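# Architecture and fold: a report
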Amino acid sequence: MNHDIDIKKLQVNCFRQSKVPGEFMLQMRAPGGVVQAKYLAVVQHIADTWGNGQLHLGMRQTFSIPGIKYENIEAVNEYLRGYIEEVEVASCDVNMDVNEGGYPTIGARNVMACIGNSHCIKANIDTLSLARKMEKLVFPSHYHIKMSIAGCPNDCAKATFNDFGIVGIAKMEYDYDRCIACERCVETCASHATRVLSLENGKIVKDVCCCVGCAECATVCPTGAWTRRPTKFYRVLIGGRSGKQYPRAGKIFLNWVTEEVLLAVIGNWQAFSAEVLNHQPRYLHGGHLIDMAGYEKFKEWILKGVKLNPEAEVAERLYWTETEYRSNIHVKPVCGVD
Amino acid sequence: MAYRLSLSRMDELLEKMRESYTIYAPMRFEKRGRYSDTDLVRYDKIRSVRDIVYDEKSHFSPKEVIHPITQALFHFTEFEYRESEVDERPVLVFVRPCDIHGIQRLDTMFLENGDAADPYYKRLRDKVKFVLMECGKGWDTCFCVSMGTNRTEDYSLAVRFAGEELLLEVKDPSFRPLFASEKTADFRPEFVSANRLTVRLPEIKSRDVLEKVHALPLWESYDTRCLSCGACTAACVSCSCFTTSDVAYSENGRSGDRRRVWASCLHKDFTVMAGGHGFRKTPGERMRFRTLHKVYDFRARFGGADMCVGCGRCTDRCPQLISFAATLNRLSGEVDRLNAEAAAATGVSV
């Protein structure tokens, strides 16, 4: 078939090119990975009417609907209007003009999150409400950024492999008199976390340097001697990525920052990106953008106007450890095996 | 006599009561619960009746007031020691009917178990007066009616919260002058007469059946379910176990405290002795001990009531969702079977 299609334009519209010429896969955003279950009917309608009947649970928690023919994209976009109004504007208070044209940009990717403390016994934060606040800050912007929110340092959300990875952490308080020295916290910290707790003189002592803020101690404490400080704290990892060249885990940029600080930092991402890219948005991993600017410059721009809370820690410098795929000399062909 | 008081008027009177009493009640500690964004409801000193959480069951019991989690007995230096002291002021505690029964069980354990009354318990217990809080309908884990602990007359004051007002029965004559000019009301506390849960208690009728109860496979089911964390015994109003130790100060090892701290029969080191020998090595064995202690051993030793008062806090607090009521009902079913088998063997009908 003779096609003449502006692939780039469709990509920005959240339709991804298929290997079958003229077919596309729609990626529907679901900030925080949660929508009302009733929208499955919307997804199903699109998949059955215009797609090939399949739904891919997208790698970034999008609803991905493959097999949509080019000629149907206009109809799909028109149908999407209600979903975008509900999910982006009503739920996230995103400042955008919703029309029959579908998604205005693919720039900032879907903000991912684990289920968070609305359900999970490990989580320290409400990941969904944070994801929605972050969506408002980065969408709709053409500047590319990938963010994921983990409710706790278990990091089921793989915050470690995002441009910005947010991890919910807790400052712990210990009530000496309530402690019965059962050592549940000591055992749990040793097996789940950073073994910062030990028993001394019949009570618990803590090596505060290395607490990751997971709050496992509070979760297992039988007497409520360990409790979380009600203020929520966050760890911010930056520069994590997968990819064909040199994937790497993100590194800690900020530790023990409050939500106010976190949102101010995220709010600076567009200005930083615009500065580095000379106001020309293009597809580039956030980590590469930080590399281009250099960490010092990144830090200066991203913390511009941000008033750090007293507990906050900021990375002096970053020591990346990348996997250089060109240097896999330790991987050898298996010889002598039939 | 009974009175109808607005909460703000009650606060004025509470302020006067606080001149002579230390007043404890269940209070909400926001976002201090086991899981994120959950609250903790436990006892502490109140300043206002609005501090009192009356429409929820507290996670921890009022026993903390009389049997503190950590209590120094005496302080020692190299050549001398000094006994610890407690605040001399009398104490008022807001409690439920089951809690009053629970504290009676603690009285039995600390004051009537053996020849000597425990002076550290007694010095606090003697100062305590109860303010009974009505339970309304009770809660879904309560089984006070099954345990016979739903009613009590052992209180000084009784209260029903009703929005911006409360009804207060003043039973203890020493409080009457304080309320002399208040508006009277016709009020007596109502007690829960039926719980959603009904618990059947095991009737272990012979030594032979008791031994068979020990060997029941049902205990093994707790080997994988129970974490041995002791959250149940920490929440329990009638669990009394503690461990005593000398703690030498790290700055000067020749001085320190002798203190006692709550212990739990669920903890794996509870029965460990010199040489590493222990009586109850598995979570199931420890669960068996706790269960029988609560509904058999205590009564076998002291007569009268069972140690468990059916407050259900152990069920509320178990992170593994083990229901003590369900455990008791399972056990009772097994005991029925064992009793029937024993009767069949001897030819006596039950």
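Quick caveat, the model's predicted, so the values are computed rather than measured.

Residues and elements named next belong to chain A. Among all positions of helix α8 (residues 269–276), only Trp-269, Phe-272, Ser-273 and Ala-274 are buried. Where the residues of α8 are buried, they touch β7 (164–169), α7 (259–267), α9 (286–293) and α10 (295–302). Where α8 terminates, the next one or two residues include Asn-278, which has phi positive at roughly 55 degrees.

Further remarks concern the packing of helix α2 (residues 39–49) of chain A against helix α3 (residues 73–92) of chain A. All names here are of chain A. Contact pair α2 / α3: the axes reach a minimum separation of 11 Å and the direction vectors enclose 165 degrees. Classified by the interaxial angle, the pair formed by α2 and α3 is roughly antiparallel. Crossing of α2 against α3: the hand is left-handed. Here Tyr-39, Val-42, His-45 and Ile-46 of α2 lie close against α3, whose contacting residues are Val-76, Tyr-79, Leu-80, Tyr-83, Glu-86 and Val-87. Classifying every residue of the contact of α2 with α3 by side-chain character gives 8 nonpolar, 1 polar and 1 charged.

Residues and elements named next belong to chain A. Assignment of secondary structure puts Asn-110 in the loop between α3 and β5 (112–113). At 3.0 Å, the side chain of Asn-110 and the backbone nitrogen of Ala-30 are in polar contact. Once residues lying within four places of it in the same chain are set aside, the contact partners of Asn-110 are Arg-29, Ala-30, Pro-31, Arg-60, Gln-61, Thr-62 and Met-147.

Before going further, it helps to spend a moment on the pattern of salt bridges. Close approach of charged atoms allows side chains of opposite charge to pair. All names here are of chain A. Here the structure, examined in full by the defined rule, presents 49 salt bridges over all chains. A salt bridge links Arg-229 to Glu-311; its shortest N-O distance comes to 2.7 Å. With Arg-229 in the loop between β11 (226–228) and β12 (233–238) and Glu-311 in the loop between α10 and β14 (313–314), this pair connects stretches of sequence that are 82 residues apart. The class for Glu-311 is partly exposed, based on a relative accessible area of 23%. Taken together, the shared-partner salt bridges connect Arg-241, Arg-248, Asp-291 and Glu-322 into one network.

This part is about the domain arrangement of chain A. Each assigned domain of chain A is listed here: domain 1 (7–92), domain 2 (112–169 + 232–326) and domain 3 (172–228). Computed over C-alpha atoms, the centres of domain 1 of chain A and domain 3 of chain A are 46 Å apart.

With that settled, the discussion passes to the nonpolar core. Grouped together as the largest cluster of nonpolar side chains are 57 residues, with contacts concentrated most on B:Met10, B:Phe94, B:Leu166, B:Leu168 and B:Phe179. Mapped onto the domain boundaries, this core takes at least three residues apiece from domain 1 (2–69 + 85–179) and domain 2 (207–237 + 266–346) of chain B. Sequence-distant contacts of B:Phe94, defined by excluding residues within four places in its chain, comprise B:Ile23, B:Tyr24, B:Ala25, B:Pro26, B:Tyr43, B:Ile46, B:Ile52, B:Val131, B:Met133 and B:Val159. Ranked by size, the runner-up nonpolar core spans 41 residues in total, among them A:Ile145, A:Ile149, A:Phe253 and A:Tyr295.

Criteria and thresholds
- Every chain begins its residue count from 1, and numbering advances along the sequence as written.
- Chain letters start at A and ligand numbers start at 1, both assigned in the order the entries are written.
- With pLDDT at 70 or above as the cut-off, local features in this predicted model cover only qualifying residues; side-chain atom pairs require 80 or more to be listed or tallied, and sums for whole chains, interfaces and linings still use all residues.
- In computing side-chain values, all of the structure's heavy atoms are included and hydrogens and water are not.
- Type-normalised accessible area, obtained with a 1.4 Å probe on protein chains alone, sets the label of each residue: buried when under 20%, exposed when over 50%, and partly exposed for intermediate values.
- We count a stretch as a helix when DSSP gives it H or I for four or more residues in a row; a strand needs E for two or more, and each element gets its number in order from the N terminus.
- Any two residues having at least one pair of non-hydrogen atoms within 4.5 Å are treated as being in contact.
- As a rule, the C-alpha atoms of each element are fitted with a line to give its axis, helices using only the stretch in contact, and angles between N-to-C directions run from 0 to 180 degrees.
- Working rule for angles: under 35 degrees goes down as roughly parallel, over 145 as roughly antiparallel, 65 to 115 as roughly perpendicular, anything else as oblique.
- By definition, any crossing whose near helix is turned counterclockwise from its far helix by less than a right angle is left-handed, and any crossing with a clockwise turn is right-handed.
- Residue classes follow a fixed rule: Ala, Val, Leu, Ile, Met, Phe, Trp, Tyr, Cys and Pro count as nonpolar, while Asp, Glu, Lys and Arg count as charged, and any other residue, Gly among them, counts as polar.
- Definition of a polar contact: a pair of N or O atoms within 3.5 Å, with one able to donate and the other able to accept a hydrogen when the atoms are protein atoms, and with sequence-neighbouring residues admitted only if both atoms are side-chain atoms.
- A pairing counts as a salt bridge when a side-chain nitrogen of Lys or Arg comes within 4 Å of a carboxyl oxygen of Asp or Glu.
- Source of the domain bounds: an automatic or database domain assignment.
- In this description, a nonpolar core means a group of buried Ala, Val, Leu, Ile, Met, Phe, Trp, Tyr and Cys residues linked to one another through side-chain atoms lying within 4.5 Å.

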